[in-house]
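Spelled out, the chains give:
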Amino acid sequence: MDDPAFWHRLQFAFTITYHYLFPQLTMGLAPFLVLWRWRALKTGNEAYAQAARFWSRIFGINFALGVVTGIPMEFQFGTNWSEFSKYSGGVIGQTLAMEGMFAFFLESAFVGAMVWGERRLGPTKHFIATCLTALGAWLSAYFILVTNAFMQHPVGYEVTPQGTLVIGDLAAYLLNPWAFVLFAHNQAAALVTGAFVVASVGAFYALRGEHKAQARVYVEWGTAMGLLSAVLVAFPTGDIQAKYVARYQEVALAAMEGRFESGPQAQLNLIGQPNVKMRRLDNPIALPGVLSFLAFGTFHSNVRGLNDFPEDQWPTNIELLYYSFHVMAGLGTIFIGLMGLANLQRLRGKLMETKLLLWALMLALPFPYIANTAGWMTAELGRQPWLIWGLFRTSQGYSDVVSQGDALFTLIGFAGLYAAIGLLYLFLIGREVLHGPATDHEPDSLYPEVVNG
Amino acid sequence: MVELWFAIFCLMLAAYAVMDGWNIGCGIVQFLVARTPAERRQLIAAIGPLWTWHEVWLVAAGGVLFVAFPTVLAVALPGFYLAVFVLIWCLLGRGLSLEFGGHLDDSMWRTFWDVAFAVVNLLVAVLLGAALGNLLRGLPLGPSGKFSLAFFTDFRAEGNVGILDWYTIAVAVFTVVCLAAHGASYLVWRTEGAVHDRSVGLARKLWIAVFVLMPVITLATAVVRPELFTEMIQRPLAWIAVVMAVAGSALVINGQRHGLEFRSFVGGCAFIAGLLGAAAVSVFPVMLHSTLDPAHSLTAYQGAVDGPGLGLALIWWPVALILSLGYGAYVFRQFRGKVGLKAPRPH
């Protein structure tokens, strides 16, 4: 708290973590909606249209929360991180502007048509509106992940005589290999959230014996997509991501693993508590050689420990980074196991009767959110003490004209506001879930008393 | 190139002001023209699903500021720190009330969100108006090239100013009246029935108020920043903008007199865009004017990004703009036409 950037960091961390709870479901649900609408259009099977209609309402509520919590993020680059914006705006301004111009306009124009316009647009145009909304959501992710990838692994920039960064090679910046891997990994993880939520609601209905046909669609599609995406998160995307970190952010990898001593045949720590003061990992349970293999492809490669790096290059919160990484990786492994089991039962045709699995699927709902959050904490804490890796430190980036009092004022404001809208969200989503998918053709206007609404 | 990007930035802000302006205006006049919960639903339905697309113009204008003038963004946003967050919170409340107000068929739920919608829109108009007032009046930019504004200091429009003083409050009041009039014109065009009829009367009164206040604000601006008008007289582009505003007001009056709803509405759009255009042309190249010493003002030339960034952005920006206008026009067409109320169900 002596750090003048402390409140700024906490506010950004809080608002971005909270914000990302919504887009991950938006992006994870979007492919379901597209696929179901497509199936409904092709086969005329009303069950798929009904599923799409029900999840569109959830999508709409979720999307709205994503928009209102997303707007502060755009502004906070300027308000709280003005020195960073001044330093790197010449580069990251490109993608932040592109995100608004290409992605936000697209999704904001079509989301209303998608949620409210089924009858008005007719099935084909409505399907196109659904695709365009999904495209906008995923495009937005790409632009913001290019921005983040630049902070992790800066490419395509030039330094001006004044010492600020400007764009040098736009193509190199947009095609940053780090961005590709990050995008693939992150989108797969968003699909995990979408799949788990769909399966969870399906399992809830199945266990209660309600909406049986719909419950089956949700559980089956959710577990199929769940297994596919959970595997993709680990391999190849997570694997390549880890190799990039091992290559370009060696010190971050050491901190993620709680590794202090350098050496060959590096062990992968499954459980243990980092003790930074004593420079060791307490109570480790580890797989010897596996870290070397995961990082470099051979069991005897040397993986450097924190002791090899000066302390001013160490990530600033090693303990939290260590736990974030292990929570993410641990949950990711469990997801593959759970979804693998569910698919096994599905192929045997017994999934809808296996109560224990349905309970597990239903109760698994919060964990993809935790895993996604932990994953982002790994990326962002691992990047410390840099705002832009190797170029610009976090301690240089905050707005020095903003007083600590002002920064705390807005943080408290966000805390209160976000607590309230979180309750509102749970209430509205809970209501939709309890109400369930309607069997009739729902009016697509939110305002039944209005003509042409 | 710098001139072009300044124009693009101002154009996007003007587009935001015109398009989100009518949504804000609908919110301000909501309780004056819509007396029953059903009528208020009718008003929200008239705003329609494109409101997020309208709001994106503000976000995208911020993106343009980021790509072209990062230094200006880095000075202005922390300088207005508290006001920016109050605005963000209001936009958040507005989004929630528009999206969720209709979700429950419950009178307490609807009353709550209707009142919230009216209040936050009023606040948004005040904040946007005060922001405009601040940019016209100037900011306490010192030798450090930075500033930090309190909400208020001594309410004088010179020296160590705050966000609110007599001048910026006056601009805020004018903005509220102007956007309310604009919103009422929109409702005249897009609704029928009782809401339409009340909007007709209200739009007439509000536009008269706008035209009465206009010379007052002009005079106040001349007192606070006289050089704006000497610049304006020398710049033909500013004349075009002024002509546009004057023609717009003529269309408003003419449209109202002959019951031509769309003409009157378009006149209001032209009036707002013309005023903002005239202001933008007159302040150029200064983006952040210093009230302490003009030497500390930040110009577009100083604030613009170096390197090939501006040229590169000019390749993709027009493509994105055309696409965006296409989406907006398409969805607008799908939801076009007057919004009315069904006959009340028999009890």
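Criteria and cut-off values
Residues numbered from 1 in each chain as written. Chains lettered and ligands numbered in written order. Predicted model: local features only at pLDDT ≥ 70, side-chain atom pairs only at ≥ 80, totals over all residues. Heavy atoms only, no water. Patch = residues over 30% accessible without salt bridge, like charges linked within 9 Å, V, L, I, M, F, W, Y side chains within 5 Å. Areas by Shrake-Rupley, 256 points an atom, 1.4 Å probe, with all protein chains shown as cover. Salt bridge = Lys/Arg side-chain N within 4 Å of Asp/Glu carboxyl O. Helix = DSSP H or I, 4+ residues; strand = E, 2+ residues; numbered from the N terminus. Buried < 20%, exposed > 50% of the residue type's maximum accessible area, 1.4 Å probe, protein only. Phe/Tyr/Trp six-rings, centres within 6.5 Å; stacked < 30°, edge-to-face > 60°.

Undergrad: Account for a nonpolar patch on the surface, naming residues and giving values.
TA: All names here are of chain A. Together, L270, I271, I285 and L287 make up an exposed nonpolar region whose accessible area comes to about 360 Å². Those elements that provide at least two residues to the nonpolar patch are β3 (268–275) and β4 (280–287). Mapped onto the secondary structure, L287 falls in strand β4. On the accessibility criterion, L287 (37% relative accessible area) is partly exposed.

Undergrad: Describe the packing of aromatic side chains, with residues and values.
TA: Summed over the entire model, instances satisfying the criterion amount to 70 aromatic pairs over all chains. With a centroid separation of 6.3 Å and 40° between ring planes, the pair formed by F110 of chain A and Y330 of chain B is classed as tilted. Remark: Y330 of chain B occurs in helix α13 (residues 309–334) and F110 of chain A occurs in helix α3 (residues 82–116); the pair is interchain, linking two chains. With relative accessibility at 5%, the residue F110 of chain A sits in the buried group. Both rings, one in F414 of chain A and one in F85 of chain B, keep their centres 5.6 Å apart while their planes meet at 90°; by these two values the pair is edge-to-face. With F414 of chain A in helix α13 (residues 404–435) and F85 of chain B in helix α5 (residues 81–100), the pair connects residues from two separate chains. Comparing F414 of chain A with F85 of chain B, the two get one shared label, buried. Clustering of aromatic rings is evident, with ring pairs tying together F14, Y18, F22, F409, F414, Y418 and Y425 of chain A together with Y81, F85 and W89 of chain B.

Undergrad: Help me get a handle on the pattern of salt bridges, residues and values and all.
TA: Residue and element names in this part refer to chain A. What the rule picks out here adds up to 26 salt bridges over all chains. Between R304 and D308 there is a salt bridge, with the nearest N and O atoms lying 3.8 Å from each other. Overall, the relative accessible area of 29% leaves R304 in the partly exposed class. By relative accessible area, which is 40% here, D308 ends up partly exposed. A single salt-bridge network, built from bridges that share partners, covers R37, E46, R53 and E118.

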